[in-house]
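Chain and residue survey
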Amino acid sequence: MSAPNQKRFQRRADGYSALRVYHRKGTARKSPRLLIKCGDCDNALEIYHDPENSGDIEIGGVLGSVGNWREILLPFLDPKPNARRRG
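Residues numbered from 1 in each chain as written. Predicted model: local features only at pLDDT ≥ 70, side-chain atom pairs only at ≥ 80, totals over all residues. Heavy atoms only, no water.

Before going further, it helps to examine a nonpolar patch on the surface. Side chains of Ile 72, Leu 73, Leu 74, Phe 76 and Leu 77 sit close together on the surface and give an oily, nonpolar patch of about 540 Å² of accessible area. Residue placement: Phe 76 occurs in helix 1 (residues 66-77). Judged by relative accessible area, which is 67%, Phe 76 ranks as exposed. (Patch = residues over 30% accessible without salt bridge, like charges linked within 9 Å, V, L, I, M, F, W, Y side chains within 5 Å. Areas by Shrake-Rupley, 256 points an atom, 1.4 Å probe, with all protein chains shown as cover. Salt bridge = Lys/Arg side-chain N within 4 Å of Asp/Glu carboxyl O. Helix = DSSP H or I, 4+ residues; strand = E, 2+ residues; numbered from the N terminus. Buried < 20%, exposed > 50% of the residue type's maximum accessible area, 1.4 Å probe, protein only.)

What follows is the structure, given as C-alpha cells:
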C-alpha cells in the first residue's frame, strides 16, 4: 500500500481543505491555465487565460471577458452582506 499524498487533506485554519493550485504554461495547442484541485479529492477546475492579455478568460468551458467574470464572481467574495443575501 502506498503512502498517502501529503498535499491532500491539508486543513486551513477555517476548517476547510486547502485548495491545490498549479499554473501550467501554454503549449502550441493550449493556452496557459490555472489548474485548481480540490483539497480532499481529485476534482479539478481549469481556468484558461489569453497569453496576449486581451482580457478573455475561460472558466469551466465558458468563455467571457474579465469584466463579465468580475461582475458574476465578486458579489460572492464581498464580505459585506447585501440586501439579496439577507433572508
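Taken as a whole and judged by the stated rule, the model has 1 salt bridge. Across the pair Arg 33 and Glu 46 runs a salt bridge whose closest N-O atoms are separated by 2.1 Å. In this pair, Arg 33 is assigned in strand 2 (residues 33-37) and Glu 46 in strand 3 (residues 44-49), connecting sequence segments 13 residues apart. In this structure Arg 33 comes out as buried when scored by relative accessible area, which is 15%. Under the relative-accessibility criterion, Glu 46 is labelled partly exposed at 28%.

A few words now on the side chain of Arg 20. Take Arg 20: it is sitting in strand 1 (residues 20-24). Buried within the structure, Arg 20 lacks any salt-bridge partner; its nearest side chain of opposite charge belongs to Asp 42, at an N-O separation of 4.0 Å. Separated by 2.8 Å, the side chain of Arg 20 and the backbone oxygen of Cys 41 make a polar contact. (Lys, Arg positive; Asp, Glu negative; His and termini not counted. Polar contact = N/O pair within 3.5 Å; in protein donor to acceptor, adjacent residues only side chain to side chain.)

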